[in-house]
Amino acid sequence: MNIFRRKSIALVAGLGLAFGSLAAHAEGQIRIAQQFGIVYLLLNVAEDQKLIEKHAKAAGVDAKVEWVKLSGGSAVNDALLSGNIEIAGAGVGPLFTIWDRTKGKQNVKGVASLGNFPYYLVSNNPNVKTIADFTDRDRIALPAVGVSVQSRVLQVASAKLWGDKEFNKLDKIQVALPHPDAAAAIIKGGTEISAHFGNPPFQEQELAENPNARIVLNSYDALGGPASATVLYATEKFRNESPKTYKAFVDALDEAAQFVTANPEKAADTYLRVTGAKTDRALLLKIIKNPEVQFKIAPQNTLGLGEFLHRVGAIKNKPASVKDYFFDDARTASGS
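Residues numbered from 1 in each chain as written. Predicted model: local features only at pLDDT ≥ 70, side-chain atom pairs only at ≥ 80, totals over all residues. Heavy atoms only, no water.

Colleague: Whenever I open this one, the nonpolar core confuses me. Can you help?
Modeller: One recurring pattern in soluble globular proteins: nonpolar side chains tend to sit buried together. Judged by nonpolar contacts, the single largest core of 96 residues is most densely connected at V111, L121, F134, Y233 and F249. Broken down by element, this core gets its largest block of residues, ten residues, from helix α11 (residues 243-262). For L121, the residues in contact, after removing those within four places along its chain, are I131, F134, I140, L154, A195, H196, F197, R214, I215, V216 and L217. Listed in part, the eight residues of the second largest apolar core include Y120, A141, I193 and A213. (Core = buried A, V, L, I, M, F, W, Y, C linked by side-chain atoms within 4.5 Å. Buried < 20%, exposed > 50% of the residue type's maximum accessible area, 1.4 Å probe, protein only. Helix = DSSP H or I, 4+ residues; strand = E, 2+ residues; numbered from the N terminus. Contact = heavy atoms within 4.5 Å.)

See below:
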């Protein structure tokens, strides 16, 4: 997606609450926002194999699928509420934010997970070995300050170290930066960016290409085990007005998850082909085959983050179960 398109979505977003959200959703129209990284592999496979079109056609719908590239949960949420996209792809942190703000209104909820991935906070500052070592001279790059899943996980870790009142202690040294740019800064060094809370494959590239780079925090450690970090969500209006298209999307995602699990080599090739990334293929395979990574659409270990965000006052509504912030679907009902 070019810069002009990205700016256009941002400009229209402000008007969308008044106008865009009023438009009816026609069956077959689906615009999907994704960001950067192999965490979006299921979407890459669905796009490459035209799985949404396939399942929609089986339901008698001629699907028109558009893929939009954005960076940061805030931009994705704006695009969703403005009516510029039907499916939002972002971290579980932005999902909780938009679920909380639209409860009783647009009623945005999760559609599916994109799988479980450990996210690493990587630093090239030799003085930083834990998050307690960061100073005001450091800058931590991540997709969106305060609301991205990376920022929220860092808040969880901060609360454990300094107490709930200091949960956002490190927000002030965070800067919003797309993962590719942040990774380049960590690998090259010599910039104000001394840390990057990223996702695969960028975090693995940093560790492989800069001998000074080290893991400061693993999201699994902060969250108490494997967890869905990146999810897909939509408005209740879209789900109700385009039920066949919605189901075709979930069916496609489920098929993509099965494909990736059974065909890691082909999945790696798909990622390189669809994204145009220059990532080392062997590194991609290592990530896909990592036993800590699971490709499945049922969310896992997300409720705890929602409870934390409510406890520290980041969201007003307290989620009691996954059913509160995920749409009812047999394939995600077993989530946590």
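Colleague: Just to check I follow, could you spell out the environment of S334 for this structure?
Modeller: Tracing the backbone through its elements, the reader meets S334 in the segment after α15 (322-325). For the pair S334 and K323, spaced eleven residues apart in sequence, the C-alpha separation works out to 9.8 Å.

Colleague: Explain the packing of aromatic side chains to me, please; I cannot follow it from the model alone.
Modeller: For any pair of aromatic rings, the description rests on two quantities: the centre-to-centre distance and the angle between the ring planes. For the structure on display, the rule yields eight aromatic pairs. Ring geometry for F117 and F295: centres 5.4 Å apart, planes at 80°, overall edge-to-face. Pair noted here: F117 is in the loop between β4 (109-113) and β5 (120-123) and F295 is in the loop between α13 (281-288) and α14 (303-311), with a separation of 178 residues, a long-range link. For F117, a relative accessible area of 1% translates into the label buried. Given a relative accessible area of 11%, F295 falls into the buried group. Relative to Y246, the ring of F238 has its centre 6.3 Å away and its plane inclined at 55°; by these criteria the two rings are tilted. Taking the relative accessible area as the measure of exposure, F238 reaches 0% and is therefore buried. (Phe/Tyr/Trp six-rings, centres within 6.5 Å; stacked < 30°, edge-to-face > 60°.)

Colleague: Would you take a moment to explain α14 for this structure?
Modeller: One turn of the α-helix equals 3.6 residues, which is why residues spaced by three or four share an orientation. Along α14, the residues classified as buried are L303, L305, G306, F308 and L309. On its buried face, α14 sits against α5 (92-102), α6 (149-162) and α15. G313 sits one or two residues past α14 and shows a positive phi near 85°.

This is a description of form; function is not addressed.
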